[in-house]
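# Notes for the structure review
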Amino acid sequence: MGLLQAALRTYESQAHLAGVPVEGKETLTPISHTIQKAQIEIIIDEDGSFREAKPVPKAQSRTIIPVTEESAGRTSGKGRSHPLSDQLQYLSPIGGDKHKAYLELLGRWAQSEYSHPKVRAVLRYIQGGTILKDLCAAGVISLEEDGTLAGGKIEGSEYEKCLVRWRVMPPPERGSSACWEDQSLFEAYISFYHSLQSGEELEYCVLCGERDIPAQSHPKGVVSANFGAKLISANDGSGFTYRGRFADTSQTGSVGYTASQKAHSALRWVAANHGVVMGGRTFLWWNPGGKPLPSPDFLSMESELEQQTTFVGYKRQLLDTLSGYQLNLKDQDDVIVAALDAATTGRLSVTYYNELRANDFFLRLQRWYLSCCWETRYKGMWSPPLKQIVRCAYGTQRENFIEVDDRILREHVQRLLHCILDCQKIPHDMVQALVSKASCPLAYKPGNRELLLTTACAIVRKYENEFGEVEKEVWTLNLDENNHNRSYLFGRLLAVAEQVERSTYSLDEKREPNAIRMQSVFSQRPLYAWRILEEALNPYYQRLAPGLRYYYRNITQEITENLLAGNSDLDKKLDDVYLLGYYHQRSAMTKKKDKNVTEDESNESAK
């Protein structure tokens, strides 16, 4: 099953929602309809008499309108009209041939056996030719003295290009006065347009496997950010893109009109309601049966999970959240995952596609978020969002934020999505980029520095645990005093050196400790850098209270003894895990200090 087959299944399972508006959601469009932004709303009665007109607020502008196969893909230079709602230049005599084409199509619909009271009302009003005067009188547009349109705009659109939608009052029984919400009007147009196509030859559709009228032009606007881009297009008759393979486009395979309309409508609906745009690329996953899944925003872990201070609480909440979705799905239900991006302004490409069973999908999400997490100072136990991982690895600090180019962001987010859903190894270049930046703290502001460090630690821990030499969790979330890895021990030493110096600072002192200044050198030549740091720490030791001085010297002695016990080449470059040792030791000392402060405050209160 491919992307369009999955989208077709989705439409057929959710066909009862076609044309039904849902607050805050994109509407699933019926076949032979599309969604466009309307700028003007005209209200008439069933006799075609004008009542009122008003501009449409941008937030309420998305409107379902009937279209033909040709008008749905028209460009500004072509005069193919929509059958009901269209731009002002098609609805008024100023459009010339465009207006004639609109009147002809609307008239054919009104006179057919599939006519509708609203269609006849709109036709009578348009034939009156007073639309511009009525809009001017209502204060919606301005006209010149000769009756032509002035040079104004509504919501950024020039008057002649403003789309007009219709409301017919009073509403008929069991229907809405709004033409863009009337199910009976949708059904009438579908039947009418099907009658126009009835004389065409049928061919086998590669999507549904049934004979249908072949689609000559496929819908655009699957992704709103790239509205003009199409998934299927073969209109290059002059450049002959397919030369050498086929004589004409029909030889590549025929897609039926109905199947194409349903598949594109469903894909647009899923992308709008469930897609997440990262770097201009749309990432989405869904169940073809319409069963709920966690949004791809779940990758940020901020909207679904509350802050947890321990791994046990974090794990429990993660499993509870995922199991809430799993209850609605059977293990064998499908989950479709896709990424869509516009290669050019007219071509939409599928950059990633995968089909998973629901059970596998949730297990892989669970696997990622349990193995790629870290305890932070301010967010508790936390998994870095994919955007943040990419920004930290490949971004540049601009003022107070780390930013990355969209082209880089979308490619590397997709690489990470591949790691999550296909259980693949985190790219080594990404790990190295994070470690390199986290090892140069002076290049970043304090907030970004901490963000880089926690993100790097989460990724390094996952990378080393899953793809190291030992098939078990060697690198834990807490300080491991029994871990004698050379790089881990040196990372702990770096944290001690930093804390010794910071312990002598006053509350308003912002000077960076020598350990932070030398961290980049320390990661490359640890023994050389440690000798310098150790000598520089002597005056700071003298300023410490005896008990604190003994505490730090005792930790330092313990670490150095473990280093000397089983390591011969101490000055070679540190491995990535030195960051884990640094963070673990720093966190352990900070917690001990906070505990001592709390105990002192309690003793003072007792006195």
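Summarised in this report is the structure supplied together with it.

## Side note on the sheet that holds strand β5 (residues 86–87)
One open sheet accounts for four strands, arranged β3-β2-β8-β5; its pairing is mixed. With partners counted over all chains shown, the strands left at the sheet margins are β3 (50–55) and β5, one partner each. In this sheet, strand β8 (residues 163–169) lies alongside strand β2 (residues 40–45) in parallel orientation, the contact comprising six bridges. Note that in β8 the partner of I42 across the bridge is W166.

## Topic: the packing of aromatic side chains
Throughout the structure, instances matching the rule amount to 14 aromatic pairs. Ring geometry for Y193 and Y257: centres 5.8 Å apart, planes at 55°, overall tilted. With Y193 in helix α7 (residues 183–197) and Y257 in helix α8 (residues 257–274), the pair connects residues that are 64 residues apart, well separated along the chain. Here Y257 falls in the buried class, since its relative accessible area comes to 4%. Residues Y551 and Y552 carry aromatic rings whose centres are separated by 5.3 Å and whose planes lie at 55° to one another, so their mutual orientation is tilted. Assessed through its relative accessible area of 23%, Y551 is described here as partly exposed. For Y552, a relative accessible area of 4% puts it in the buried group. A connected cluster of aromatic rings, assembled from ring pairs, spans W109, Y189, F192, Y193 and Y257.

## Some thoughts on the side chain of H82
Positionally, H82 belongs in the loop between α2 (69–72) and β5. At 2.9 Å, the side chain of H82 forms a polar contact with the side chain of S71. Beyond its immediate sequence surroundings of up to four residues, H82 is in contact with Q36, I65, P66, V67, S71, A72, R74, Y102 and L105.

## Remarks on the layout of surface pockets
Roughly 800 Å³ of volume is contained in the second largest pocket. As for the second largest pocket, its lining consists of 29 residues, and the residues nearest its centre are R377, E498, R502, E512 and R586. Listing elements by their share of the lining of the second largest pocket, those giving two or more residues are α13 (428–438), α14 (446–467), α15 (486–502) and α20 (578–606). Here the residues of the lining of the second largest pocket are counted per class, giving twelve nonpolar, four polar and 13 charged.

Each value, and the rule that gives it
- Residues numbered from 1 in each chain as written.
- Predicted model: local features only at pLDDT ≥ 70, side-chain atom pairs only at ≥ 80, totals over all residues.
- Heavy atoms only, no water.
- Pairing = 2+ DSSP bridges.
- Helix = DSSP H or I, 4+ residues; strand = E, 2+ residues; numbered from the N terminus.
- Phe/Tyr/Trp six-rings, centres within 6.5 Å; stacked < 30°, edge-to-face > 60°.
- Buried < 20%, exposed > 50% of the residue type's maximum accessible area, 1.4 Å probe, protein only.
- Polar contact = N/O pair within 3.5 Å; in protein donor to acceptor, adjacent residues only side chain to side chain.
- Contact = heavy atoms within 4.5 Å.
- 1 Å grid on protein atoms, 1.4 Å probe; cavity = no way out; pocket = protein on both sides within 12 Å on 5 of 7 lines; lining within 4 Å.
- Points joined across faces, edges and corners; volume = space filled by probe spheres on them.
- Nonpolar A, V, L, I, M, F, W, Y, C, P; charged D, E, K, R; others polar.

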